[in-house]
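Observations on the three-dimensional arrangement
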Amino acid sequence: MTGPTRLSVAPTGSRSRVHHATGHLTVRVMDQDADGARVGLLATQALLLSGDDVRVEVDVAPGAWLDLVETTGTVAYEGEAPSSWTVDATVGDGAVLTWAGRPFVVSDQIATHRRTRVRLHGTGRALMQEKVVLGRAGQAGGDLTMSLEASDDTGPVQVEHLDLGQQARRMPGVLGNLRSMDTVTALGWTPEPAGEPEAGTTGPGETYFPLDRSGAVLRWMGVGRFRDQLCDATFAAWREEAMRDYRHRPTARHLAQAETGPGEGGPAPAALTAAAGCLPARTPCAP
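Model, not experiment: these values are computed from the prediction. (Residues numbered from 1 in each chain as written. Predicted model: local features only at pLDDT ≥ 70, side-chain atom pairs only at ≥ 80, totals over all residues. Heavy atoms only, no water.)

Attention now moves to the overall build of the protein chain. In terms of regular secondary structure, the protein chain is built from four helices and 16 strands. Counting every position in the protein chain, which comprises 287 residues, the buried fraction comes to 49%. In the form shown here, the protein chain has an accessible surface area of approximately 12,900 Å², with 52% of it arising from carbon and sulfur atoms. (Helix = DSSP H or I, 4+ residues; strand = E, 2+ residues; numbered from the N terminus. Buried < 20%, exposed > 50% of the residue type's maximum accessible area, 1.4 Å probe, protein only. Areas by Shrake-Rupley, 256 points an atom, 1.4 Å probe, with all protein chains shown as cover.)

In structure tokens, the structure reads:
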């Protein structure tokens, strides 16, 4: 049995500390500074096969940032045994987690479950995008259930369970003939969408709703592959908003070091100057 993929990031005086353990997925660091890292998630084997139980555990330490990018989509292949994909994330005070998901395709003749648990502490923020496609080419897709359980120090922020099984989604007011769903969820603050939700020819269009406290969700549903014009743009805009504080932090450290000199074991001013230029130059990947 394959163990969970574990990933943690913590800020340091010079270069963030990234620890990870490989499971069904492995980690590749794409960008890094003193406060956090941008990493890619890569499959170590074909996923999801019948019976697979993929688990990802993420820990973002207080004051750190972590930008997760899925490098490829995932197909839940047909089989007798159900498969599952579980994410368990903890975001510390003043930390930011952003996760750009790729399409999750549910084949015919499979039952699969996606579960996401997020725990925020203090002023921590999380931003996640999930893309779901029911069926490969020429298929209607098997049974899918999805759940999100998000909480902060006060209590639940968002609790959602979606039954997208074949029988349930044919019921009035569920999905009908729609096959694609794109969801962007912000937790820890309440941003506005990067445009006006508008119904289109590919489905009912996007729906934006703020959570009761400290959060917002933008969701699109359509008949085919992702043709919505708002979810990707909104995810990129919300990611920039969530990361805004970190874009100034290295520069502030550089100015402080220039006045007082580097501390014991701290980076030289030249290294801080390089770090200050690193984060603003980052270009978000298209989810």
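The subject of this paragraph is empty space enclosed by the protein. Within this structure, the stated rule accounts for three cavities of 30 Å³ or more. Estimated volume of the largest cavity: approximately 160 Å³. What lines the largest cavity is a set of 14 residues, and nearest its centre among them are E130, L148, E160, T183 and T185. When grouped by side-chain class, the residues that make up the lining of the largest cavity number six nonpolar, five polar and three charged. (1 Å grid on protein atoms, 1.4 Å probe; cavity = no way out; pocket = protein on both sides within 12 Å on 5 of 7 lines; lining within 4 Å. Points joined across faces, edges and corners; volume = space filled by probe spheres on them. Nonpolar A, V, L, I, M, F, W, Y, C, P; charged D, E, K, R; others polar.)

With respect to topology, seven strands assemble into an open sheet ordered β2-β1-β5-β8-β10-β12-β13, the strand pairing being mixed. Unpaired on one side and paired on the other, β2 (17-21) and β13 (156-163) mark the two borders of the sheet. The average undirected angle you get between the axes of adjacent strands in this sheet is 5 degrees. Pairing analysis gives nine bridges linking strand β10 (residues 111-120) to strand β12 (residues 143-151), with the strands arranged parallel. Each residue of the ladder has a partner; that of V118, found in β12, is A150. (Pairing = 2+ DSSP bridges. Axes fitted to C-alpha atoms, helices over the stretch in contact; angles between N-to-C directions.)

The next thing to look at is the pairing of strand β1 (residues 5-10). Bridge count for β1 against strand β5 (residues 53-60) is five bridges, and the pairing is parallel. Looking at β5, one finds that S8 is bridged to D59. In terms of strand pairing, β1 meets β2 through five bridges, oriented antiparallel. Looking across to β2, one finds that A10 is bridged to R17. Count of turn residues in the β1/β2 antiparallel hairpin: six residues.

Its place among the elements puts L211 in the loop between β15 (205-210) and β16 (215-222). Exposure remark for L211: the relative accessible area of 11% places this residue in the buried category. Distance in space between the C-alpha atoms of L211 and Q158 is 7.3 Å, their sequence separation being 53 residues. When neighbours within four sequence positions are excluded, L211 is seen to be in contact with V157, Q158, A186, L187, A216 and V217. (Contact = heavy atoms within 4.5 Å.)

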